[in-house]
Amino acid sequence: MSTAKFAIKNSQFTLIMVIMVLVLGVSTVLTMPRSEDPEMKTTVFPVVVIYPGTSPQDMEELIVNPIESKLYDLSDIKQIKTSIVDGVAVLFVEYTFESDVDDKYQELVREVSALRPSLPENIYSIDINRIDPSNVNVIQLALISENAPRALLKKQADDLKENLEAIKALKDVEISGLSDQIIRVDVQTDELSRMNIPLTQVMDLIQSGSQNIPGGNILAGGKTFSIKTTGNYQAIDEIENTIVSSSEGKNILLKDIADVYPSFAPETHITRLNGYRSLFINAAMKKGGNITDVQEEYLSVIDKFKENLPANMDLVTSFDQANNVNKRLSGLGIDFLIAVTLVLFTLLPLGLRASGIVMIAIPLSLSIGIVFLHLFGYSLNQLSIVGFVVALGLLVDDSIVVVENIERWMREGYSKLEAAIKGTEQITLAVIGCTATLVIAFMPLMFMPEAAGSFIRSLPVAVILSVLASMVIALTVVPFLATKMLKPHEHPEGNKVLRVFQKIIHSTYAVVLDKALKKPWKAVAIAGVIFIGSLLLIPIIGFSLFPASEKPQFLINITTPDQSNIYYTDSITRKIEAELDEISEIKYYSSNVGKGNPQIYYNVVQANEKSDFAEIFVQLEADIKAKDKVALINRLREKWSPYPGAKVEVKDFEQGVPVISPVEVKLLGNDLDTLQNVAAKVEQLLASTEGAIYINNPVQNKKTDIRVHVDKAKALALGVPTAYIDQTIRMALAGIDIATYTDPTDTHNEYKIRLSVPRDPYPDMGVFDNLYVNNVRGGAVPLKQLASLELESSSSQINHLDKIRTVSVNSFVANGFSNDEVIQQVIDKMEEMPLPEGYRYIMGGEVESRQQSFGGFGTVIIVTVFLFIAVLVLEFKTLKSTLIVLSVIPLGVVGAVLALLITGNTLSFVATIGMVALAGIEVKNTILLVDFTNQLRREGTELNEAIEKAGELRFLPIILTTLTAIGGLLPIAWSSNPLISPLAIVMIGGLISSTLLSRIITPVIYKLIPPKI
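As recorded by an unreviewed UniProt entry, the protein chain carries the name Efflux RND transporter permease subunit and is attributed to Albibacterium profundi.

So, in structure tokens, the structure goes:
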């Protein structure tokens, strides 16, 4: 029994299933997870080592080299990139993309923990982080006050953090812009020297006083009692009264040789909102959540919290991703309604009843697609919704073809029941073949490798599921509905609109086709010339990977001269803020001095602490269009290039896989001085390249350090180990954290007990005055007797790539230039540049990202091509029919390239996806024509007559399916989202050219190589 016959004879069952599908679809849409971007995995783990006061060379020797040697021996390591600056080393450990993220993270934690005892013991911290795109903060709040004490600001921020952490759907609630609370223990080293008290003794006694050692249990009276000992410090007074020595029957207390007081660590991250002093509170959302529902929860918490704030504080929600998501989803919803309306207009030739059947098939197909998308673990995000909008123009194709064929049988005198069954059966194989080719066309996008494939995957999955659903609906529900809704037309040739269409087809298309069939080789030659001409246009339109984001937001990065202190960087940042304050389009600007803004975009991670760096996150008014944002960015670039006393870079957010910049030249070698010289030449090369802006050479200048030169002979004679000297200097300059104190009255108040000397928060050269070092006998020796201070130059930054020293010189691309054009110029110049022996270069940036995104993609394409051929051979049983169908693919390239050229788009990653998908749609339409021509010839029709008759009769359904596809894609093409609009532009252009050209060329090729029947 055929599917149509089953659905018709079991009409009540069919009706129940239809209602169930609709209810399930609506329920799934309302409850499935929603997010702005699809969930992705990443196999990169940053290992961050902080060792304050340590030069890059020392960091490299003492920390980085041992860690790299250990980690590089692990399995599945793809590469290790390391960046080393003063006091901070970040190792980006990347595993192969197929690796299990959780297993590799645990492996990394184990290996680093095992290595920890062999590293310097005074390392401040070693953190193994996970780069999880889902860790993007969904909200950023600013707790503002110009005059509230830091302690009060901290208390309010901690309370808000606790309230937000109570929301189950939120995670990683963090406070930025507030230094750690510390208990400063400023030791008078001259007093220690006078009393002959070793510094190590003071440290050991404070540590022992901070320990909480359980006493154990005793049995008494048939019960077990826990013994509580004196425990750790319960008040700051207890720290002051720590006994550090005894002399002549008198105890010497800590307060006798040191000042003990609560304070905050030196500022390393200064935050402001719109120029006002503030703390930032950020929170991310757990996986699988619905951001719209979560927004209701956290807005309620925020509103309630604001009611109890002191009068001199305010709480501002400066960033709320849910607003962006809701706006984008509602915008795509409007696009969807527009697409449905356009599709409805294209169905008018079928008549109202036939159009009604097709329109009913739309929600049914989409409902099935959405339900299965949810079952496969995908969320409702911008790409999956685009997939459904793309599918909208495709999923009606099967229904149109089936309804049109049923109506044709009815016009030939068959009853509704007979026409529904016979018409569906006649075209079932062609519909299955069409759907199979369409699914195959989108399959390469499903199997794209690496992060790019993970990012884009929900789009092809949504299309494939919807198209498969539409095939099932077309072969079951549509014939069932046809028996209930269709009526014979009063006119044997259909309704008035259909008759007009057929008349136009007969008077124009039939005439042109007849002429082409008389001169087939001439027609093929003309098509070939058009195709070759379009290929020649590809270098003109250029190539790029991912476009910029259309969101009304961008970043301003400020880099002051090397070794600038945080207050100088802050002064420059305030000047930039003053200029931003004058721009009416700007709603919020969040300033971060000394560190990057907390992560608010999926592919931009927070920059690490650096005193000569600041970042401003700028948000425009919601109604600012993408082109206006670009214009503002260009104005600011011109205004601030150059900027006195700093380098100011205005950067737009980019879509897709993160890259440092589009143009990046990586130099590899061993000697730092040689690398610096070569990097200077590459910097000049980029500066002379038209279209290159914001050129960055991280080793442009060396920095000046102060070397403590120890007289080792004198130190040996006085019994002073060099380790004691190093420890004393570190205590004086950076301080040594020796214990932790928790305020028993407030669990939020946790302090690090930091041993140092009396000094300002940021030490100066005066620290070395009156500094004493203990010898092995506990005596004290003035540092001046043992060491002298000398100036020396050193590298400000050292980078490694797979254990090899490297320097990355990079630049951005100016507006009006394509990335591909500038990159190619740089490659050509680099090939001509002689490099010292043992040194080489590789291209990073977009070139590297392109290789990763499309690496292995060629294999997927080859498999797809053979699957295409296999399905067509299976359907037609002849290679000639297969070749005729495949010949349509080049004709779509013509329109796709012209569409990109006219709209000013490049051949981007997304446009390439559109090209691949276009091939499936073209093949699908041609299958209908070739299949019907073969059927007519089997019935005895002569070759030329069969070709012309099939061309005329199949012209209308092919035109209708093409118009519906274009109608569904038009709203996406009009969209301001540059990530998805090129996909629609390519497909619309290709559909137009292939439909116009293939209706002539396919019959002509059929005549030249007619398959055996």
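Resuming the write-up.
Novice: Would you take a moment to explain the overall build of the protein chain for this structure?
Specialist: A count of helical and extended segments in the protein chain gives 32 helices and 30 strands. Each principal axis of the C-alpha distribution contributes one length, and for the protein chain these read about 125 × 80 × 55 Å. The 1013 residues of the protein chain split such that 55% are buried. A separation of at least 24 residues holds for 80% of the contacts in the protein chain among residues at least 6 apart in sequence. Working note: accessible area of the protein chain is about 43,500 Å², and carbon and sulfur atoms make up 57% of it. Once the 88 positive and 110 negative side-chain charges of the protein chain are each reduced to a mean point, those two points are 9 Å apart.

Novice: I tried to follow the environment of Phe768 on my own but got confused; where do I start?
Specialist: Position of Phe768 relative to the elements: it lies in the loop between strand E24 (750–756) and strand E25 (772–774). Each C-alpha atom, one on Phe768 and one on Lys784, is 8.1 Å from the other, the two residues being 16 residues apart in sequence.

Novice: Hey, could you run me through the sheet that holds strand E23 (residues 736–742) in this one?
Specialist: The strands making up a sheet associate through hydrogen bonds between their backbones, and the pairing can be parallel or antiparallel. Strand order in this open sheet of 4 strands is E12-E7-E24-E23, and the pairing throughout is mixed. Edge positions in the sheet fall to strand E12 (258–264) and E23, since each has one partner strand and no second. On average, each strand axis in the sheet is tilted by 25° relative to the strand beside it, whichever way the strands run. Pairing between strand E7 (residues 181–187) and E24: 5 bridges, direction parallel.

Novice: What is the right way to look at the nonpolar core in this model?
Specialist: Where a protein is soluble and globular, its nonpolar side chains tend to be buried together. Leu143, Leu164, Tyr298, Val390, Leu394, Phe442 and Phe909 are the most contacted members of the largest nonpolar core, which has 177 residues in total. Apart from residues no more than four positions distant in its own chain, Leu143 is found in contact with Leu153, Gln156, Ala157, Arg277, Ser278, Leu279, Ile281, Leu309, Met313, Asp314 and Leu315. Judged by nonpolar contacts, the second largest core, of 40 residues, contains Val187, Ile736, Ile753 and Val757.

Novice: Explain the packing of helix H14 (residues 416–446) against helix H16 (residues 458–485) to me, please; I cannot follow it from the model alone.
Specialist: Pairs of packed helices are described in terms of their axes, by the angle between the two and the distance that separates them. Remark: H14 packs on H16, axes separated minimally by 9 Å, with the N-to-C direction vectors making an angle of 180°. Viewed along their axes, H14 and H16 adopt a mutual orientation that is roughly antiparallel. For the contact of H14 with H16, a count of residues per class yields 20 nonpolar, 4 polar and 1 charged.

Novice: Help me understand helix H2 (residues 11–31), please; the structure alone is not making it clear to me.
Specialist: Think of an α-helix as turning once every 3.6 residues; residues three or four places apart then point the same way. Along its 21 residues, H2 runs 30 Å from first to last C-alpha, staying within 8% of the 30 Å computed at 1.5 Å per residue. Among all positions in H2, only Thr14, Val18, Val21, Gly25 and Thr28 are buried. Around the axis of H2, the buried residues are gathered within 105° of arc, so they sit on the same side. Opposite the packed face of H2, turned more than 90 degrees from it, sit the exposed residues Gln12, Ile16, Val23, Val26, Leu30 and Thr31. On its buried face, H2 sits against helix H1 (3–9), helix H12 (352–375) and H16.

Novice: Is there a simple way to think about the pattern of salt bridges in this case?
Specialist: For side chains bearing opposite charge, pairing can occur when the charged atoms are close. A complete count under the given rule lists 26 salt bridges for this structure. The partner of Glu94 in a salt bridge is Lys78, and the shortest N-O contact between them spans 3.6 Å. Separated by 16 residues along the polypeptide, Glu94 in strand E3 (residues 88–95) and Lys78 in strand E2 (residues 77–85) bring together distant segments of the chain. Residue Lys78 is classed as partly exposed on the basis of its relative accessible area of 30%. One salt bridge connects Glu649 with Lys647, and the closest N-O pair in it is separated by 3.7 Å.

Novice: Can you help me understand the packing of aromatic side chains in this one?
Specialist: Aromatic rings in a pair are described by how distant their centres are and how their planes are angled relative to each other. Tallied over the entire structure, the rule returns 12 aromatic pairs. Ring centres 5.9 Å apart and planes at 75° place the aromatic pair Phe45 and Tyr95 in the edge-to-face group. Note that Phe45 is positioned in strand E1 (residues 44–50) and Tyr95 in strand E3, a separation of 50 residues in sequence. Just as Phe45 is buried, Tyr95 falls in that class too. Aromatic pair Tyr694 and Phe812: ring centres 6.3 Å apart, planes at 75°, arrangement edge-to-face. One end of the pair, Tyr694, is in strand E21 (residues 692–696); the other, Phe812, is in strand E29 (residues 804–813), with 118 residues separating them in the sequence.

Novice: Help me understand the environment of Ile729 in this model?
Specialist: Turning to its location among the elements, Ile729 is positioned in helix H23 (residues 722–733). Residues Ile729 and Leu771, spaced 42 residues apart in sequence, show a C-alpha to C-alpha distance of 8.4 Å. Filtering out sequence-adjacent residues up to four positions away, Ile729 remains in contact with Val708, Phe768 and Leu783.

Novice: It is not clear to me how the side chain of Gln181 should be interpreted in this structure. Could you clarify?
Specialist: Locating Gln181 in the fold gives a position in strand E7. Classification of Gln181 as buried rests on a relative accessible area of 6%. Filtering out sequence-adjacent residues up to four positions away, Gln181 remains in contact with Lys154, Ser263, Phe264, Asn749, Glu750, Tyr751 and Lys752.

Novice: Any chance you could explain the packing of H2 against H12 here in plain terms?
Specialist: Taken N-terminus to C-terminus, the directions of H2 and H12 make an angle of 55°; their axes are 8 Å apart at the nearest point. Comparing the axis directions of H2 and H12 gives the class oblique. Between H2 and H12 lies a crossing whose hand is left-handed. Counting all contacts with H2, which are made through Val18, Val21, Leu22, Leu24, Gly25, Thr28 and Val29, the residues of H12 involved are Pro363, Leu364, Ser367, Ile368, Ile370, Val371 and His374. Looking at the contact of H2 with H12 residue by residue, the class counts come to 10 nonpolar, 4 polar and no charged.

Novice: Explain unusual backbone geometry here, please?
Specialist: Residues apart from glycine generally show negative phi values, whereas peptide bonds are mostly found in trans. A cis amide bond links Ser641 to the next residue, Pro642, at an omega of 0°. If you trace the backbone, Pro642 turns up in the loop between helix H20 (626–640) and strand E19 (647–652). In this structure, Asp76 takes a positive phi of about 65° despite not being glycine. Tracing the sequence through the fold places Asp76 in the loop between helix H3 (56–71) and E2. Even without being glycine, Asn196 reaches a positive phi, approximately 60°. Within the fold, Asn196 resides in the loop between helix H6 (189–195) and helix H7 (199–209).

Novice: How should a positive patch on the surface be read in this particular structure?
Specialist: Together, Arg353, Lys416, Lys484 and Lys487 make up a positively charged patch on the protein surface. Secondary-structure assignment places Arg353 in helix H12.

Novice: What should I look at first to understand a negative patch on the surface in this one?
Specialist: Together, Glu162, Glu165, Asp172 and Glu174 give the surface a local cluster of negative charge. Elements that contribute at least two residues to the negative patch include exactly helix H5 (150–165) and strand E6 (170–176). Given the relative accessible area of 45%, Glu165 is considered partly exposed.

Novice: Is there a simple way to think about helix H28 (residues 879–886) in this case?
Specialist: Among the residues of H28, those classed as buried are Ser881, Thr882, Ile884, Val885 and Leu886. A side-chain oxygen of the first residue of H28 lies 3.2 Å from the backbone nitrogen of Lys880; this N-cap is Thr878.

Novice: In this structure, what is going on with the environment of Val720? I would like to understand it.
Specialist: Inspection of the secondary structure assignment puts Val720 in the loop between helix H22 (712–717) and H23. A relative accessible area of 4% means that Val720 is categorised as buried. With residues up to four places along the chain from it excluded, the contact list for Val720 reads Ala715, Ile725, Val773, Asn774, Asn775, Val781 and Leu786.

Rules used in this analysis
- Residues numbered from 1 in each chain as written.
- Predicted model: local features only at pLDDT ≥ 70, side-chain atom pairs only at ≥ 80, totals over all residues.
- Heavy atoms only, no water.
- Helix = DSSP H or I, 4+ residues; strand = E, 2+ residues; numbered from the N terminus.
- Buried < 20%, exposed > 50% of the residue type's maximum accessible area, 1.4 Å probe, protein only.
- Contact = heavy atoms within 4.5 Å.
- Areas by Shrake-Rupley, 256 points an atom, 1.4 Å probe, with all protein chains shown as cover.
- Lys, Arg positive; Asp, Glu negative; His and termini not counted.
- Charge placed at Lys NZ, Arg CZ, Asp CG, Glu CD.
- Pairing = 2+ DSSP bridges.
- Axes fitted to C-alpha atoms, helices over the stretch in contact; angles between N-to-C directions.
- Core = buried A, V, L, I, M, F, W, Y, C linked by side-chain atoms within 4.5 Å.
- Parallel < 35°, antiparallel > 145°, perpendicular 65-115°, else oblique.
- Nonpolar A, V, L, I, M, F, W, Y, C, P; charged D, E, K, R; others polar.
- Expected span 1.5 Å × (residues − 1).
- Arc of directions from axis to C-beta.
- Salt bridge = Lys/Arg side-chain N within 4 Å of Asp/Glu carboxyl O.
- Phe/Tyr/Trp six-rings, centres within 6.5 Å; stacked < 30°, edge-to-face > 60°.
- Left-handed = near helix turned anticlockwise from the far one by under 90°.
- Patch = residues over 30% accessible without salt bridge, like charges linked within 9 Å, V, L, I, M, F, W, Y side chains within 5 Å.
- Polar contact = N/O pair within 3.5 Å; in protein donor to acceptor, adjacent residues only side chain to side chain.

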